[in-house]
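This is what each chain is made of:
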There are 2 protein chains.
Amino acid sequence: MPVAVSVGEMDLRCATCPVHHHAVCQALGGLYLHELAGIMTHRHFEAGTEIVHQGETSNLFGIIASGVVKLTRLLPDGRQHIVCLLSETDCIGDVFSAESHDNAMCVTDVELCCFHRKQFDEIVKSHPTLGHHLLQRVTVDLEEARQWLTALGRKKAVEKVAMFIVWMWNEEHEHCLHAPRRVNDMMLHFPFSREEIADFLGLTLETVSRCIGKLDVDRVITLLNAKCIEIRDLDRLRQIAESDI
Amino acid sequence: MPVAVSVGEMDLRCATCPVHHHAVCQALGGLYLHELAGIMTHRHFEAGTEIVHQGETSNLFGIIASGVVKLTRLLPDGRQHIVCLLSETDCIGDVFSAESHDNAMCVTDVELCCFHRKQFDEIVKSHPTLGHHLLQRVTVDLEEARQWLTALGRKKAVEKVAMFIVWMWNEEHEHCLHAPRRVNDMMLHFPFSREEIADFLGLTLETVSRCIGKLDVDRVITLLNAKCIEIRDLDRLRQIAESDI
DNA sequence: CGGCGAGTTGACTAGCGTCAAATGATGTGG
DNA sequence: CCACATCATTTGACGCTAGTCAACTCGCCG
């Protein structure tokens, strides 16, 4: 449901948006941000909600303002896989095709800047810089997908889990949108269940649990509670993640 | 080594190129093709040759005119994975980053249209349509990577192999650059060794061999020789590939 | 306090990897 | 043209990693 705002406010929404300097929309200068704001609607989704359904047509192109979204695929027999985890400044949807390849589900509560696919594409076409930024972002996504491809194809369970923890830690420390946090902060809160981690890494939740347990016993991490760990030895964790002996 | 040609010939190279109507360069009209041809060099690589080395800086941006290229990643302990298989009209290299994430190796002999990364990016920036086409292509690559991600994460060995065969068949029948071939042609010649298929699917060569053997015994395919199969029951092969019971 | 879902732990199993030998394909030199 | 070497592929025997199934614990909330 679109939030009710006055026209004056609407014009400012993109210019005052906390993420716009880091998302693809940074490509548009102040003048053109109005244009974007004009076709944008802000929406809120509760954790667990589905934003887009796999296989259905959807004209949504969204930019995440806050929260975490998982893109999942379901095989006919019920096996599930998470192909991508998205957070603030990431994009949902494909400018080119209306048919969604995957489910988009909210892992946490989500604030989403929503556009109509074609309207957004029009703006992309008329603003090459935006197109260029979009290209850059999809290129990064592709690179990340390939990194996980090698992990799923060739790494052992512990290595995958170590890699996932390192990845989460990097995510936290790259974004730094919220508060400027200390870089030596080794505490890690995460919103994912064991099953979600498993579905992402191509494992079962039991195996994920055992691997986290092993890293805890080996004193690489400390398991504070189910969704909070402290990294005790980041270098070793990285070595394990990289399969570096 | 650049092929020696006269200036007049050079100007025409892109316009007369057999793949240019299907590659990203299709975005450029006749006038601008000269521009592209001006900064392009044609190179030939033998099967087994390395085009780009993982981790090294490379300013190559290439479009494959003919042949098959594999992008591989090597883990510190020697395990290897193929993250992507490329053929005619596909692009090698990343416009944005000079450091290569992966090895690019020739599976067959390869003809490559080579550009300097930055020069190509300049043309992309000045020709939004080209940028748009590039975006479209990277988007497709991303979608394909995610398809393989679910396969590596959640599918069984036979399902992966079936999927690979279906994929090869689709590739053959999509391109159709060479000769317009009969669509009911169920013969499939492929250039990959068992080890390459294994490195792509996250299996071992023995497992790939056994799975192909099983599909042969089950009369879904007929193994004519190591690198040539006939598909006997495409529907069933697709069902197996999709894990559809 | 009891019920519920998430996570952990244990016992057992199956699928795939590992190692090794056999077979087949291809090429080379006498 | 054959003998031989070499490499890719197949096949077999065995072991290990991660999956399966089930019991148990923990934290949370009514």
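Given the structure is predicted, the values throughout are model-derived calculations rather than measurements.

Asker: Sorry, what's going on with the packing of helix H4 (residues 128-154) of chain A against helix H4 (residues 128-154) of chain B here?
Answerer: Axis separation between H4(A) and H4(B) bottoms out at 9 Å; the angle between their running directions is 20°. Overall, the two elements H4(A) and H4(B) adopt an arrangement that is roughly parallel. Our pair here, H4(A) against H4(B), has a crossing hand that is left-handed. Grouping the constituent residues of the contact of H4(A) with H4(B) by class yields 18 nonpolar, 4 polar and 4 charged.

Asker: Help me understand helix H2 (residues 30-38) of chain A in this model?
Answerer: Counting along an α-helix, one turn takes 3.6 residues, and residues three or four places apart therefore face a common direction. Among the residues of H2(A), A:Leu33, A:Leu36 and A:Ala37 are the ones counted as buried. Down the axis of H2(A), the buried side of the element spans an arc of 95°, and every buried residue falls inside it.

Asker: Which parts of the structure should I look at to understand the domain arrangement of chain A?
Answerer: How big an interface is tends to be reported as the loss of accessible area on association of its parts. Residue and element names in this part refer to chain A. What the domain assignment lists for chain A is domain 1 (7-146) and domain 2 (155-241). Using C-alpha coordinates to define each centre, domain 1 is positioned 26 Å away from domain 2. Across the boundary between the two partners, domain 1 contributes 16 residues, which contact 12 residues of domain 2. Summed over both partners, the interface of domain 1 with domain 2 buries about 1,200 Å², with 63% contributed by carbon and sulfur atoms. Considering only the surface of domain 1 that becomes buried against domain 2, Ile82, Leu85 and Glu88 emerge as the three largest contributors, covering 41% of it. For the interface between domain 1 and domain 2, the tally reads 1 salt bridge. Looking at which element gives the most residues to the side of domain 1 that touches domain 2, the answer is strand S5 (residues 80-86), with 6 residues.

Asker: Hey, could you run me through the sheet that holds strand S9 (residues 187-189) of chain A in this one?
Answerer: Pairing between the strands of a sheet comes from backbone hydrogen bonds, and it takes one of two forms, parallel or antiparallel. All names here are of chain A. In spatial order, the strands read S9-S11-S10; together these 3 strands make up an open sheet with antiparallel pairing. At either end of the open sheet lies a strand with only one pairing partner, and these are S9 and strand S10 (221-225). Mean inter-strand twist for the sheet, computed between neighbouring axes without regard to direction, equals 25°. Alignment of S9 against strand S11 (residues 228-231), held across 3 bridges, turns out to be antiparallel.

Asker: Sorry, what's going on with the packing of aromatic side chains here?
Answerer: Aromatic rings in a pair are described by how distant their centres are and how their planes are angled relative to each other. All names here are of chain A. Summed over the entire model, instances satisfying the criterion amount to 16 aromatic pairs over all chains. Note on Phe164 and Phe192: the rings are 5.8 Å apart at their centroids and 65° apart in plane angle, and the pair reads as edge-to-face. One end of the pair, Phe164, is in helix H5 (residues 157-175); the other, Phe192, is in the loop between S9 and helix H6 (194-201), and 28 residues separate them in sequence. A relative accessible area of 1% means that Phe164 is categorised as buried. These aromatic residues form a ring-pair network of at least three members: Trp148, Phe164, Trp167, Phe192 and Phe200.

Asker: What exactly am I supposed to notice about the interface of chain B and chain A here?
Answerer: At the interface, 45 residues of chain B touch 45 residues of chain A. Counting the surface chain B buries against chain A, the share from its top three residues, B:Phe96, B:Leu149 and B:Arg154, is 19%. B:Arg154 is the salt-bridge partner of A:Asp199, the closest N and O atoms lying 2.9 Å from each other. Every element with two or more residues in the side of chain B that touches chain A is listed here: strand S4 (69-74), strand S5 (80-86), helix H3 (117-126), H4 and helix H6 (194-201) of chain B.

Asker: Got a minute to help me understand helix H3 (residues 117-126) of chain A in this structure?
Answerer: Those residues of H3(A) that fall on the buried side of the exposure criterion are A:Arg117, A:Phe120, A:Asp121, A:Ile123 and A:Val124. For H3(A), the angular spread of buried residues about the axis comes to 160°, placing them on one side. Buried residues along H3(A) sit against H2, strand S3 (60-66), strand S8 (110-116) and H4 of chain A together with H4 of chain B.

Asker: Explanation requested: the protein's contact with DNA strand D in the structure shown.
Answerer: Within the structure, DNA strand D sits among 17 residues, and A:Ala157, A:Thr207, A:Arg210, B:Arg194 and B:Ser209 are positioned closest to it. Here DNA strand D approaches the protein such that, of its atoms within 4 Å, sugar and phosphate make up 62%. Between DNA strand D and A:Thr204 there is a distance of 3.2 Å, counted from a phosphate oxygen to a side-chain nitrogen or oxygen. A:Glu206 is positioned with one of its side-chain polar atoms (N or O) 3.2 Å from a base nitrogen of DNA strand D. Elements represented by at least two residues in the surface near DNA strand D include exactly helix H7 (205-217) of chain A together with helix H7 (205-217) of chain B. In terms of residue count, H7(B) provides more of the surface near DNA strand D than any other element does, 4 residues in total. Residues belonging to the surface near DNA strand D are distributed by class as follows: 5 nonpolar, 5 polar and 7 charged.

Asker: Teacher, can you tell me more about the pairing of strand S4 (residues 69-74) of chain A here?
Answerer: Each regular strand carries side chains that alternate between the two faces of the sheet. Residue and element names in this part refer to chain A. Of all 6 residues that make up S4, 5 are buried, and the element is covered over most of its length. The turn linking S4 back onto S5 is made up of 5 residues, and Gly78 within it adopts a positive phi angle of 100°. Where S4 and strand S7 (residues 103-106) come together, 4 bridges link them in antiparallel fashion. When the sheet's bridge partners are listed, Lys70 is paired in S7 with Met105.

The rules we used
- Residues numbered from 1 in each chain as written.
- Chains lettered and ligands numbered in written order.
- Predicted model: local features only at pLDDT ≥ 70, side-chain atom pairs only at ≥ 80, totals over all residues.
- Heavy atoms only, no water.
- Axes fitted to C-alpha atoms, helices over the stretch in contact; angles between N-to-C directions.
- Helix = DSSP H or I, 4+ residues; strand = E, 2+ residues; numbered from the N terminus.
- Parallel < 35°, antiparallel > 145°, perpendicular 65-115°, else oblique.
- Left-handed = near helix turned anticlockwise from the far one by under 90°.
- Nonpolar A, V, L, I, M, F, W, Y, C, P; charged D, E, K, R; others polar.
- Buried < 20%, exposed > 50% of the residue type's maximum accessible area, 1.4 Å probe, protein only.
- Arc of directions from axis to C-beta.
- Domains from an automatic or database assignment.
- Contact = heavy atoms within 4.5 Å.
- Buried area = accessible area lost by both parts, 1.4 Å probe.
- Salt bridge = Lys/Arg side-chain N within 4 Å of Asp/Glu carboxyl O.
- Pairing = 2+ DSSP bridges.
- Phe/Tyr/Trp six-rings, centres within 6.5 Å; stacked < 30°, edge-to-face > 60°.
- Near = heavy atom within 4 Å.
- Polar contact = N/O pair within 3.5 Å; in protein donor to acceptor, adjacent residues only side chain to side chain.

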